[in-house]
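Structural features, examined
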2 protein chains.
Amino acid sequence: MILNYKAIIKISGILIVILACLMLPSLLVSHIYGESDASNAFLASVIPMLVVGSIIIFTVKADFRHLKIRDGFAIVALCWTLSSLLGSFPFIISGYIPNFFDAFFETVSGFTTTGSSILTDIELLPKGLLFWRSFTHWIGGMGILVLTIALLPMLGLNGQRIVRAETTGPIFGKLTPKISESSKILYLIYFGMTILEILLLLPGDMSLYDAMINTFGSVGTGGFSNYNSSIAHYDNAYYEVVIAVFMLLAGTNFTLYYFALKSRWKDFFSDSELRLYLLIVTASMLLIALNLRFSGSYDTMGESVRFSFFQSASIITTTGYVTADFDLWPAFSKMVLFILMFIGGCSSSTGGGIKVIRILLLFKLLKRGIGIRLHPRAVISIKVNERPIPSDTLSGVVNFVFLYMGIFFVGTLLLSLENFDLITTASAVAACLGNIGPGFNLVGPVLNYSIFSDWSKFMLSLFMLAGRLELFTIILLFTRQFWNPDK
Amino acid sequence: MILNYKAIIKISGILIVILACLMLPSLLVSHIYGESDASNAFLASVIPMLVVGSIIIFTVKADFRHLKIRDGFAIVALCWTLSSLLGSFPFIISGYIPNFFDAFFETVSGFTTTGSSILTDIELLPKGLLFWRSFTHWIGGMGILVLTIALLPMLGLNGQRIVRAETTGPIFGKLTPKISESSKILYLIYFGMTILEILLLLPGDMSLYDAMINTFGSVGTGGFSNYNSSIAHYDNAYYEVVIAVFMLLAGTNFTLYYFALKSRWKDFFSDSELRLYLLIVTASMLLIALNLRFSGSYDTMGESVRFSFFQSASIITTTGYVTADFDLWPAFSKMVLFILMFIGGCSSSTGGGIKVIRILLLFKLLKRGIGIRLHPRAVISIKVNERPIPSDTLSGVVNFVFLYMGIFFVGTLLLSLENFDLITTASAVAACLGNIGPGFNLVGPVLNYSIFSDWSKFMLSLFMLAGRLELFTIILLFTRQFWNPDK
């Protein structure tokens, strides 16, 4: 047997029950707002899931001692796909998103914290469903943290090993034997961040419901809003600053917060990835603000900074919240945002994209390459935070970036069969693969993904999953090597 | 002294004299067609160049025994820049391209075999100047062959070492000690190819002059035409086939022709790079033809194949000749062409771009990367033509591709300050960096680069040079490491 199917099925059973429980808050919201259609849809999803999940758990006998790397990849990929399938039930059953491919896209977009939507009028949906839609961001954000910090390193995903090698304190340095402990700390930080943002959003006229929606979208770096005009709906600079700061916090390496909790500020602020991240955000904000001001897009420097700060933070963290229709901005500002889409957040954050640490390593690789041209016999080691990076980690990074660019080009090629302009096409792929949300032109910040065919929506859903799971987890499943035990 | 300046100056003197001699055929053409303005411009360029060049040669005493790697890079970069500067004299002096930045752009575009033009009406220029414009392609094409096969490997450019490792027969296997001999063989092949194409173009109503222009543009993979509508001017399928076949031949690794000359057909046809190159050309042609036919762009399959074959060959070889306004084609066809712009020709051909061999190695690297995910302890070596590729060659390839993509993104960002749409901007950078010629939208196949400011034209000229000289030669000059002898 190539895979340990029994174990995989049993884990699916557990996942189904957990997911049913995670739908209960949304059921409660529907009930509070007296939305019977949404309530019924949640009940019609939760009850069968609880039944089926329980049956699987109690009937399937699995041996978890013999899980191999292959099983690990299969389990991770299956969990995310299954969650997206089951999570789409309330949308389909309620009739608000009747098409399966639409509902699947919307749910994948939620769990992967992408925030791309196929809805043409978000505000038509009942509050309970919109709550579920945003809650998937929050679940996804936490899932990613546990996945990237606790589980993926076990599967030998080198890109993640960097994190361990770099930012480790006493606990994270020996992460593998203590998964449950480190997961607990992550949960606490994530919970704390969530509650803090909700509290900071409440003063003023934002309702608790809205505050929760916006918090789920920002700490998960998702970007779903309950308004068609996203955060621009409030037109409130205070909210924008709070949300932007929390997006940036969520895009920071969460293991650094461990240092912060221990008041090890030197370790926190000397982290090379964090410094580059802050540098990119600051530079992007300034460049865009200057460009906006001098091109006359806004009348004052203050307004230019306000919109450029929010949008830079939103795009680099791959959240996708919008306070201005940046598709109308001048080409330079758009190009800065387009580049930010590829860079993405820090490693071990809820953000997507290529990740800042990999960009940093690429720069160092290039610098070394230039040095070698001049001194062909030189041996130059690459260091981050004063520690040398092993060569297999570097190959992992190189492979990742090539695969990322490869999927981007091939994906754009396939999506171009829809015959929309190339900016729409390329930015849709970049925005889904990087888990961002809005792109440019026809998938711009005030528009949505409803223009695509079912087939394209399904493909974009796969790109969201691939981007979220650091590519290899999904790509592996499509290789001969994976399914052929002799290879 | 960081550089051996005397040697560099002496070589410049030699180059100036050679370049003056290379202008003589164009002077003759101007004379034959009785174009006194062009004749005078050539005389006013040639005579001072001969005088200055001779003075330098006879007065500067240089010691060529102590040339270092740094000097090698400086000489190569200087030769190309100086050629482009001096080569622009006839355009400026004649008054047909009065602006320096325009004339420099046009000449760089010629020597680098790019074929991008700032001329809004090519047909206004005298025949002598147009002959010079196309002749620079032919000179550039030969220069590149000598450079990439004979000189660059001495400078330790790993990307080129592949060629040596892969396609070497008895002569090319020991290339370095016999530069003059291998250069001679290259000249002969290049000359033979040139004469053969001219002869094949003559039957019919094409003049000798036109046949030479089109041949220079195709064997040099340049793409300058003497008509505004490029090869579409003739609307003749025979000419199109001849030109397309010669573009493809010029985009093939020239060292393979050595095997062909020795009737070693097995070595020729088993070359992995050649196979991938032919596969990409065939696949692109078929995909575009099907897309054109089924989108209704052309009425018959025959026409669709005719235009898709020519355009695929023209773009992958980075020539840039045009028989159809491909900017009007459906998005899928455009995206195929856009991807071909990055792939480019084979190594050691006159074509530009990333080069097929590097794409092949990237695929193999990715395949290995996927294998390592499943078998973390496995050691998998990468082979091309059944020979293992050393790891420093692989790092060279990786560095090259990252630098290429980096320049593309940064270049697009800088060019976006012109505030044209992003497709125009990105395709202009891709077309210049890859030495192709036409891009999309405002720099599309029936348009030109006159829309850009002088500063942008200068930047694009640098990109053409960087792309032509395999990036590092130009990029190195902008690094601290190069100018700081202690590093």
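Shown above is the structure to which this text applies.
Figured I'd write up the structure that's included with this text. Please read all numbers here as calculations on a predicted model, not as lab measurements. (Residues numbered from 1 in each chain as written. Chains lettered and ligands numbered in written order. Predicted model: local features only at pLDDT ≥ 70, side-chain atom pairs only at ≥ 80, totals over all residues. Heavy atoms only, no water.)

Topic: the overall build of chain A
The criterion, for reference: Secondary structure elements are taken from DSSP: a helix is a run of H or I of four residues or more, a strand is a run of E of two residues or more, and numbering for both begins at the N terminus. When we talk radius of gyration, it's over C-alpha atoms, and the globule rule is simply 2.2 Å times the number of residues to the 0.38. Summary of the burial criterion: residues with accessible area below 20% of their type's maximum are buried, those above 50% are exposed, and those between are partly exposed, where the area comes from a 1.4 Å probe applied to protein chains only. For this analysis, residues touch if any pair of their heavy atoms sits within 4.5 Å.
The helix and strand tally for chain A stands at 23 helices and two strands. Taking 23 Å as the expected radius of gyration for a compact globule of 487 residues, we find that chain A reaches 22 Å, a close match to that expectation. Seen along its three principal axes, the alpha-carbon backbone of chain A occupies a region of about 70 × 65 × 50 Å. Out of the 487 residues in chain A, the part that is buried amounts to 63%. Partitioning the intrachain contacts of chain A with sequence separation of at least 6 by distance along the chain shows that 72% fall at a separation of at least 24.

A word on the interface of chain B and chain A
This is how it is decided: In this description, buried area is defined as the sum, over both parts, of the accessible area (probe of 1.4 Å) that is lost when the two are combined. A pair is scored as a salt bridge if a Lys or Arg side-chain nitrogen falls within 4 Å of a carboxyl oxygen belonging to Asp or Glu. Pairs of N or O atoms are called polar contacts if they sit within 3.5 Å, as long as, within protein, a hydrogen donor faces a hydrogen acceptor (for residues adjacent in sequence, only side-chain-to-side-chain pairs).
Each side of the interface is counted separately: chain B has 51 residues, and chain A has 51 residues. When the two sides are added together, the surface that chain B and chain A hide from each other amounts to roughly 4700 Å², 77% of it contributed by carbon and sulfur. Of all residues in chain B, Arg 373, Leu 374 and Phe 402 of chain B bury the most surface against chain A, accounting for 18% of the area lost on that side. Our enumeration of links across chain B and chain A arrives at zero salt bridges. Connecting chain B to chain A are two residue pairs in polar contact (both at pLDDT 80 or more). When residues of the side of chain B that touches chain A are traced back to their parent elements, those giving at least two are helix H4 (69-87), helix H17 (331-343), helix H18 (356-374), helix H19 (391-415), helix H20 (422-433), helix H22 (472-477) and helix H23 (480-483) of chain B. Among the elements that line the side of chain B that touches chain A, the one with the most residues is H19 of chain B, at ten residues.

Some points on the side chain of Lys 334 of chain B
Within the fold, Lys 334 of chain B resides in helix H17. Sequence-distant contacts of Lys 334 of chain B, defined by excluding residues within four places in its chain, comprise Leu 422 of chain A together with Phe 326, Asp 327, Trp 329 and Phe 440 of chain B.

Here we look at a nonpolar patch on the surface
All names here are of chain A. For the record, the criterion: A patch consists of residues exposed above 30% relative accessible area that lack any salt bridge, with like charges linked at up to 9 Å and nonpolar side chains (Val, Leu, Ile, Met, Phe, Trp, Tyr) linked at up to 5 Å. Every accessible area reported is derived by Shrake-Rupley at a probe size of 1.4 Å, with residue values counting cover from the shown protein chains alone.
A surface patch of nonpolar side chains, amounting to about 420 Å² of accessible area, comprises Leu 43, Ile 47, Val 51, Val 52 and Ile 55. Mapped onto the elements, Val 51 comes out in helix H3 (residues 36-59). A relative accessible area of 46% places Val 51 in the partly exposed class.

A few points about the relation of the copies chain B and chain A
Going by this rule: Overlaid copies result from least-squares superposition on C-alpha atoms, with residues included only where pLDDT is at least 70 in both.
Placing chain B over chain A gives an RMSD of 0.0 Å and needs a rotation angle of 180 degrees, together with 0.0 Å of translation along the axis. Within this description, the copies of the chain are treated as partners about a two-fold rotation axis. Within chain B, Ile 423 of chain B has its C-alpha nearest the rotation axis, a separation of 3.4 Å. In this assembly, 100% of the residues forming the interface of chain B have copies in chain A that are likewise at the interface, indicating an isologous arrangement.

Quick word on the packing of aromatic side chains
The condition is simple: The aromatic pairing rule takes the rings of Phe, Tyr and Trp, using the six-membered ring of Trp, and pairs them if the centres are within 6.5 Å, calling planes under 30 degrees apart stacked, those over 60 edge-to-face and the rest tilted. Criterion for a charge above a ring: Lys NZ or Arg CZ within 6 Å of the ring centre, and within 35 degrees of the ring normal.
Per the counting criterion, the structure on display carries 75 aromatic pairs over all chains. An angle of 90 degrees between the planes, with centres 5.7 Å apart, marks the rings of Tyr 227 of chain B and Tyr 234 of chain B as edge-to-face. A single burial state applies to Tyr 227 of chain B and to Tyr 234 of chain B, both of which are buried. Geometrically, the ring pair formed by Phe 342 of chain B and Phe 408 of chain B is edge-to-face, given 5.0 Å between the ring centres and 90 degrees between the ring planes. You can see Phe 342 of chain B sitting in helix H17 and its partner Phe 408 of chain B sitting in helix H19, a full 66 residues away along the chain. Like Phe 408 of chain B, Phe 342 of chain B is buried. Stacked on the ring of Phe 400 of chain A, the Lys or Arg Arg 358 of chain A has its end atom at 3.5 Å from the ring centre.

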